[in-house]
Amino acid sequence: MYKTAMLTKDLVAASSKPLLLSILAGGESYGYEIIQKVRELSGGQIEWSDGMLYPVLHRLERDGLIDSEWKEADTGRERKYYFLSSDGRKAIKTERQQWLAVHNTLCKLWKIKPASI
Amino acid sequence: MAGRSQHPVQIMENQTRFNLNAAVESWRQELAAQPNLASDDRRELETHLRDAVAGFQQRGLNDEESFWLARRRVGQPQQLGEEFVKADPAKVWRERAFWMAAGALTALFLFTTTMPLTAIIGYCFPSVGKIVDEPTLSIMLWVFQIIGITFLITRGNMNLQSPLLASLIKDRFHFAVMTISVLLAAETFCATIMFWVYVASRNVHGFNGGPFAYIGNFMFVSLALELVPVTILIWLLPAQNRKTPKRA
């Protein structure tokens, strides 16, 4: 599904949902900007292939976690902006608990301090 | 591009100047050939491609380099189609049903406008009536209208993605009110013309109820038929445009 330098395909697919929801929690955004942000935040470790992002966004939209709207950008062209719905905001909480549970368990096994809670 | 250092290859290429808009247009046609991509998906991918091109241009690449890199980033049209259809398998079919209903509505509407045309031709040129009978003339006129519109659309003289059409299908309520009032107005106009032409030619097909009964009957039958595709269209209007989305 994704082309990635570091993460495995499965892991990228699994993490796309919490990543997208959390990015949109910071405000509405559009496909190109989301990819740039993920690349920047992960220090290049998570590289999403551009065209494959949209099916994931569309699935989240169908699940009611995000909404979208065509809007005119400052360039004069229209872009499809995505933003979080109230269900999406709730979903972040669940995702957060689950990912931290995995993170903490691994930290205990590897005897390292959890990076941040 | 002027003033930028040019490689020999670039100079050669610039002789047949790279046209960014033409390149994007041909890429768009490649996408359009993918049966699995809905028009909204294609539009979204195109804005993405344009954003990516602009990103590369800002980093100092020329139009052609930016285009090819952006194109590679976005991915192969066929692969995109496969991924998109996985996310929402029914989407493409909803869109097809939408355009089929739109086609049916257009055809029905043209059939309505054909009738007064036939009546006027029959009245003004009685000699035509000796060559073809009225039903044949109707069907001929109808087919001419359909061919004419198809021709205009394929020639690009009628743009299906015009802002006017986009604003018409922006939301269900807008669409329903606009469509039904246009249909009502057109039907009334057509029925009135037909009635007076038939009265003038003393040929009201055994209709004794007067103009209002005649017009009412004509409108009832045409509207009943046209309401079927209209209902389908209202039902299938894109979900994201149905209402102003509530923000969390």
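Shown above is the structure to which this text applies.
In what follows, the accompanying structure is described. Given the structure is predicted, the values throughout are model-derived calculations rather than measurements.

### Observations concerning the pairing of strand β2 (residues 78-84) of chain A
Residues and elements named next belong to chain A.
Thought 1: Along β2, 6 of the 7 residues are buried, which leaves the element largely enclosed by surrounding structure.
Thought 2: In the sheet, strand β1 (residues 66-72) pairs with β2 via 7 bridges, with the strands oriented antiparallel. Bridge pairing in β2 links glutamate 69 to tyrosine 81.
Thought 3: Hairpin connection, β1 to β2: the antiparallel pair is bridged by 5 residues, and glycine 76 has positive phi, about 95°.

### Some thoughts on the pattern of salt bridges
Thought 1: Per the counting criterion, the structure on display carries 11 salt bridges over all chains.
Thought 2: Taking the shortest distance from any N to any O, the salt bridge between Lys17(A) and Glu95(A) comes out at 3.6 Å. Of this pair, Lys17(A) sits in helix α1 (residues 9-25) while Glu95(A) sits in helix α4 (residues 86-109), and the two are 78 residues apart along the sequence.
Thought 3: Given a relative accessible area of 13%, Glu95(A) falls into the buried group.
Thought 4: Among the salt bridges present, the one from Glu28(A) reaches Lys71(A), with a minimum N-O distance of 2.7 Å. Within this pair, whereas Glu28(A) is found in the loop between α1 and α2 (31-41), its partner Lys71(A) is found in strand β1, the two being separated by 43 residues in sequence.
Thought 5: Among the charged side chains, a salt-bridge network with shared partners connects Glu25(B), Arg28(B), Glu46(B) and Arg50(B).

### Quick notes on helix α3 (residues 50-62) of chain A
All names here are of chain A.
Thought 1: Within α3, 11 of the 13 residues are buried, leaving the element largely enclosed by the surrounding structure.
Thought 2: For α3, the complete set of buried residues consists of Asp50, Gly51, Met52, Leu53, Tyr54, Pro55, Val56, Leu57, His58, Leu60 and Glu61.
Thought 3: Where α3 terminates, the next one or two residues include glycine 64, which has phi positive at roughly 80°.

### Considering the packing of α3(A) against helix α5 (residues 77-87) of chain B
Thought 1: Taken N-terminus to C-terminus, the directions of α3(A) and α5(B) make an angle of 15°; their axes are 9 Å apart at the nearest point. The orientation of α3(A) relative to α5(B) falls into the category roughly parallel. Both α3(A) and α5(B) take part in a crossing whose hand is right-handed. From α3(A), Gly51(A), Met52(A), Tyr54(A), Pro55(A), His58(A), Arg59(A) and Arg62(A) reach across to α5(B), where they touch Gln79(B), Leu80(B), Glu83(B), Phe84(B) and Ala87(B).

### Re the packing of aromatic side chains
Thought 1: A complete count under the given rule lists 6 aromatic pairs over all chains for this structure.
Thought 2: Look at Phe98(B) and Trp99(B): their rings are 5.3 Å apart centre to centre, the planes differ by 90°, and that puts the pair in the edge-to-face class.
Thought 3: Accessibility expressed as a relative area gives 9% for Phe98(B), which makes it buried.
Thought 4: Taken together, a centroid distance of 5.1 Å and an interplanar angle of 80° make the contact between Phe195(B) and Trp196(B) edge-to-face.
Thought 5: Accessibility expressed as a relative area gives 6% for Phe195(B), which makes it buried.
Thought 6: Since its relative accessible area comes to 49%, Trp196(B) is described here as partly exposed.
Thought 7: Taken together, the ring pairs in this structure connect Phe18(B), Phe67(B) and Trp68(B) into an aromatic cluster.
Thought 8: Looking at Arg43(B), its charged tip hangs above the ring of Trp70(A), at a distance of 3.7 Å from the centre.
Thought 9: It is Arg96(B) that lies over the ring of Trp93(B); its NZ or CZ is 4.4 Å from the centre.

### Some thoughts on empty space enclosed by the protein
Thought 1: Using the criterion set out here, one finds 2 cavities of 30 Å³ or more in the structure.
Thought 2: Taken as a whole, the largest cavity encloses approximately 40 Å³ of empty space.
Thought 3: As for the largest cavity, its lining consists of Tyr30(A), Gly31(A), Tyr32(A), Tyr54(A), Arg79(A), Lys80(A), Glu44(B), Thr47(B), His48(B) and Asp51(B).
Thought 4: Of all the secondary-structure elements, those providing two or more residues to the lining of the largest cavity are α2 and β2 of chain A together with α3 (39-58) of chain B.
Thought 5: Element by element, the count of residues in the lining of the largest cavity is highest for α3(B), at 4 residues.

### Let's talk about α5(B)
Thought 1: Within α5(B), burial applies to Pro77(B), Leu80(B), Gly81(B), Glu83(B), Phe84(B) and Ala87(B).
Thought 2: Next to the buried residues of α5(B) lie α3 of chain A together with α2 (20-32), α3 and α4 (63-74) of chain B.

### What to know about unusual backbone geometry
Thought 1: A positive phi angle, close to 50°, is found at Lys111(A), a residue other than glycine.
Thought 2: By relative accessible area, which is 74% here, Lys111(A) ends up exposed.

### Examining the interface of chain B and chain A
Thought 1: With 26 residues of chain B at the interface, the matching set in chain A holds 32 residues.
Thought 2: Summed over both partners, the interface of chain B with chain A comes to about 2600 Å²; 52% of that surface belongs to carbon and sulfur atoms.
Thought 3: Together, Glu44(B), His48(B) and Asp51(B) form the three largest contributors to the area buried by chain B at its contact with chain A, with a combined 23%.
Thought 4: On the surface where chain B and chain A come into contact, there are 3 salt bridges.
Thought 5: Across the pair Lys80(A) and Asp40(B) runs a salt bridge, and its minimum N-O distance is 2.8 Å.
Thought 6: Breaking the side of chain B that touches chain A down by element, the ones donating at least two residues are α3, α4 and α5 of chain B.
Thought 7: Examining the composition of the side of chain B that touches chain A, we find that 11 residues originate from one element, α3(B), more than from any other.
Thought 8: The residue inventory of the side of chain B that touches chain A, partitioned by class, reads 9 nonpolar, 5 polar and 12 charged.

The rules behind the values
- Residues numbered from 1 in each chain as written.
- Chains lettered and ligands numbered in written order.
- Predicted model: local features only at pLDDT ≥ 70, side-chain atom pairs only at ≥ 80, totals over all residues.
- Heavy atoms only, no water.
- Buried < 20%, exposed > 50% of the residue type's maximum accessible area, 1.4 Å probe, protein only.
- Helix = DSSP H or I, 4+ residues; strand = E, 2+ residues; numbered from the N terminus.
- Pairing = 2+ DSSP bridges.
- Salt bridge = Lys/Arg side-chain N within 4 Å of Asp/Glu carboxyl O.
- Axes fitted to C-alpha atoms, helices over the stretch in contact; angles between N-to-C directions.
- Parallel < 35°, antiparallel > 145°, perpendicular 65-115°, else oblique.
- Left-handed = near helix turned anticlockwise from the far one by under 90°.
- Contact = heavy atoms within 4.5 Å.
- Phe/Tyr/Trp six-rings, centres within 6.5 Å; stacked < 30°, edge-to-face > 60°.
- Lys NZ or Arg CZ within 6 Å of the ring centre and 35° of its normal.
- 1 Å grid on protein atoms, 1.4 Å probe; cavity = no way out; pocket = protein on both sides within 12 Å on 5 of 7 lines; lining within 4 Å.
- Points joined across faces, edges and corners; volume = space filled by probe spheres on them.
- Buried area = accessible area lost by both parts, 1.4 Å probe.
- Nonpolar A, V, L, I, M, F, W, Y, C, P; charged D, E, K, R; others polar.

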